Amino acid sequence: MRSARDSDQPDEPSEIAAAFRAADVRLDPPPGRYEDLRHRAAARRRRRVIAVTAAVVLSAGGTTVVAAMARSGGGEQPPVAAEPPADDRHTAPSDGPAVLPTGDTDREGEREPDQDPEPEPGGGENERESPPASGPADGTTGSAGTVCAADALELAVEDPNAGAGSVMYTLVFTNTGDTTCSMTGYPGVSLLTAEGGEQIGAPAVRGPEGGDAERVELAPGETARAGLRLARAENYPAPECGPAPAAGLLVYPPDETDALFLPQEGVTGCTDDGVELLSVTVVR
């Protein structure tokens, strides 16, 4: 047995104890080894993350396909992709205000183009009525826009002037009515075999000598004039003219369908319509 005195004294070192109590000396890893191990460990972690993510995606896709097939009646119709999340369905904001479709917009293609309003009758040269004007100076009721009717006019010839190869006449229209009327443009003139008879040859052509047509207002008793030129039938060969005696002139006031007959003696016309003996100007 060891005494207490012996236990108080330290143990003497021995080779065996020294061997077991040798210092724990750690060696450094070879150069570059630690960095290589760290890179490999990081690569393994990335591969695991990718594998897990792929598994999750494939699992979610399979679930979507199965759910779509279940909704479509056991696969009779092709699968429908799942709707994207609510956040993904939001469209980008627009700078302008939103435009909502309306019933008028849907029917826009069915609308017919606007129809132009029918033109209102005007007071042209060929119109029966012209724009109203002031009444006659003598106080009688009437309208200056009313076309002078044939039954309210008296026709006469003024200052016949025989020239070389033709005769110049002045046709005088007198308003015999009790209202103011107007005349505009050219009268119509032709030769007749007799009053109420047949027309001889071509009617009068419109000559430029009188200028442009202007409206002439005639109060009761006032007159308007037009020039008439009558070429002599003797100026043309008989076979070309076909001369025939005329009893007078048939005259239509401007814009009128009723005519006045003016007897004239010693007038010869050409029955051939190709020979134009008459020429008339506008009323003034």
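Preceding this section is the structure that the text describes.
This section reports on the structure supplied with the text. Here, residues in each chain are numbered from 1, in the same order as that chain's written sequence. Reporting in this predicted model follows two pLDDT cut-offs: at least 70 for local features of residues, and 80 or more for side-chain atom pairs to be given and counted; totals over whole chains, interfaces and linings ignore these cut-offs and use all residues. Excluded from the side-chain calculations are hydrogens and water; all other atoms, namely the structure's heavy atoms, are used.

**Comments concerning the nonpolar core**
Working step 1: The criterion is simple. A nonpolar core is a set of buried Ala, Val, Leu, Ile, Met, Phe, Trp, Tyr and Cys residues joined through side-chain atoms within 4.5 Å. When accessible area is computed with a 1.4 Å probe and restricted to protein chains, residues below 20% of their type maximum are described as buried, those above 50% as exposed, and intermediate ones as partly exposed. Core analysis: the largest hydrophobic core is formed by 38 residues, its most contacted members being Leu171, Phe173, Met183, Val189, Leu191, Leu228 and Leu249.
Working step 2: It is strand β8 (residues 223-231) that contributes the most residues to this core, five residues altogether.
Working step 3: Those residues in contact with Val189, other than ones at most four positions away along the chain, are Leu171, Pro203, Ala204, Leu228, Leu249, Leu250, Val251, Leu278 and Val280. In this text, helices come from DSSP runs of H or I with a minimum length of four residues, and strands from runs of E with a minimum of two, each type numbered from the N-terminal end. Should any heavy atoms of two residues lie within 4.5 Å, those residues are considered in contact.

**Focus: the sheet that holds strand β1 (residues 153-162)**
Working step 1: Spatial strand order, β1-β2-β8-β11-β6: five strands in an open sheet with mixed pairing. For this open sheet the edge positions go to β1 and β6 (205-206), each flanked by a neighbour on one side alone.
Working step 2: Note that β1 and strand β2 (residues 166-175) share eight bridges and pair antiparallel. Bridge assignment links Glu158 to a residue of β2, and that residue is Thr170. Strand pairing is assigned whenever DSSP detects at least two bridges linking the two strands.

**Some thoughts on the pattern of salt bridges**
Working step 1: Salt bridges, as used here, are contacts in which a Lys or Arg side-chain nitrogen is within 4 Å of a carboxyl oxygen on Asp or Glu. As enumerated under the stated definition, the model contains two salt bridges in all.
Working step 2: We note a salt bridge from Arg225 to Glu158, for which the minimum N-O separation is 3.0 Å. Residue Arg225 is located in strand β8, and its partner Glu158 is located in strand β1; the two are separated by 67 residues in the primary sequence.
Working step 3: In this structure Arg225 comes out as partly exposed when scored by relative accessible area, which is 33%.

**A few points about the state of the cysteines**
Working step 1: The criterion for a disulfide is a pair of cysteine sulfur atoms lying within 2.5 Å. Counted according to the given criterion, the structure contains two disulfides.
Working step 2: With its sulfur 1.9 Å from that of its partner, Cys148 forms a disulfide with Cys181. Its torsion about the S-S bond being 90 degrees, the disulfide of Cys148 and Cys181 is classed as right-handed. Taken together, the residues Cys148 in the loop between α4 (103-106) and β1 and Cys181 in strand β3 (residues 181-183) connect sequence positions 33 residues apart.
Working step 3: In this structure Cys148 comes out as buried when scored by relative accessible area, which is 2%.
Working step 4: The disulfide partner of Cys241 is Cys270, and the S-S distance across this bridge is 1.8 Å. With the S-S bond torsion at -95 degrees, the cross-link from Cys241 to Cys270 turns out left-handed. Separated by 29 residues along the polypeptide, Cys241 in helix α5 (residues 238-241) and Cys270 in strand β10 (residues 260-270) bring together distant segments of the chain.
Working step 5: For Cys241, a relative accessible area of 1% corresponds to the buried category.
Working step 6: By sequence-ordered numbering of the bonded cysteines, the chain has its disulfides arranged as 1-2, 3-4.

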